[in-house]
Amino acid sequence: MILTDQLCDRLCAAVREKSKEMEIDISFAISDENGLPRVYRRYGEALVLSITLVLDKAYTAAVTQCTTKDVAACSAEGGSLMAIETNAPRITLVAGGIRCL
C-alpha cells in the first residue's frame, strides 16, 4: 500500500473522529516506511509531551515493523532487542505506536 497524501488525510480524519468520540485531545503522527514524518497533528489541548512522543512512536513502529508495545517486550532483559532504546535514542518503548501498512 502506498502512503499517499489522500490516505494520510483519511487516517487523520478517522483519528480526529475517534478523538472526538472519546472526548480526549490527542496528538497523532504518520511516518513512512523509513520512519520519516509524513503527517503530524495535535488536536485541542493534547499534552505537550505528546508532540515529540508521537513522532518517536511512529518512527519506532516504522523502522522495527511492529508495534512499540512489541518492541518493549523484545527489549526486556534477555530479549532479542535488549536495551535497544539506550542505543537508538529515537526508539521509544511507550505503547501506542502501530504499523498499519
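What comes next is a walk through the structure. (Residues numbered from 1 in each chain as written. Predicted model: local features only at pLDDT ≥ 70, side-chain atom pairs only at ≥ 80, totals over all residues. Heavy atoms only, no water.)

## Quick look at the overall build of the chain
Within the chain one finds four helices and two strands. When the helices and strands of the chain are read in sequence order from the N terminus, they spell out α-β-β-α-α-α. Overall size of the chain, expressed as C-alpha extent along the three principal axes, is 40 × 30 × 20 Å. A buried classification covers 30% of the 101 residues belonging to the chain. (Helix = DSSP H or I, 4+ residues; strand = E, 2+ residues; numbered from the N terminus. Buried < 20%, exposed > 50% of the residue type's maximum accessible area, 1.4 Å probe, protein only.)

## Details of the environment of Val 39
Of note, Val 39 is situated in strand 2 (residues 37-42). As a C-alpha pair, Val 39 and Phe 28 span 11 residues in sequence and 8.0 Å in three-dimensional space. Ignoring anything within four residues of it in the chain, the contact list for Val 39 reads Cys 8, Cys 12, Phe 28, Ala 29 and Ile 30. (Contact = heavy atoms within 4.5 Å.)

## A word on the state of the cysteines
Applying the stated criterion to the full structure yields zero disulfides. With no disulfide of its own, Cys 12 lies closest to Cys 8 among cysteine sulfurs, the gap being 6.6 Å. Between Cys 66, a cysteine without a disulfide, and Cys 74, which holds the nearest cysteine sulfur, the sulfur-to-sulfur distance is 6.3 Å. Classification of Cys 66 as partly exposed rests on a relative accessible area of 22%. (Disulfide = S-S within 2.5 Å.)

## Some points on the nonpolar core
With nine residues, the main nonpolar core is built from Leu 3, Leu 7, Cys 8, Cys 12, Val 15, Phe 28, Ile 30, Val 39 and Tyr 43. The set of elements that each furnish at least two residues to this core consists of helix 1 (5-22) and strand 1 (27-31). (Core = buried A, V, L, I, M, F, W, Y, C linked by side-chain atoms within 4.5 Å.)

## Digging into the packing of aromatic side chains
Tallying each qualifying case throughout the model produces zero aromatic pairs. Note that Arg 90 overlies the ring of Tyr 59, its terminal NZ or CZ placed 4.0 Å from the centroid. (Phe/Tyr/Trp six-rings, centres within 6.5 Å; stacked < 30°, edge-to-face > 60°. Lys NZ or Arg CZ within 6 Å of the ring centre and 35° of its normal.)

## What to know about the side chain of Ser 75
Tracing the backbone through its elements, the reader meets Ser 75 in the loop between helix 3 (68-74) and helix 4 (84-87). What makes Ser 75 buried here is its relative accessible area of 9%. Only 2.8 Å separates the side chain of Ser 75 from the backbone oxygen of Ala 72, close enough to count as a polar contact. With sequence-adjacent residues up to four places away left out, Ser 75 is seen in contact with Leu 81, Met 82, Ala 83, Ile 84, Glu 85 and Leu 93. (Polar contact = N/O pair within 3.5 Å; in protein donor to acceptor, adjacent residues only side chain to side chain.)

## Things to note about the pairing of strand 2
As paired elements, strand 1 and strand 2 share five bridges and run antiparallel to each other. Paired with Phe 28 across the strands is Arg 41, a residue of strand 2. The hairpin turn running from strand 1 into strand 2, its antiparallel successor, is five residues long, and Gly 35 in that turn takes a positive phi close to 85°. (Pairing = 2+ DSSP bridges.)

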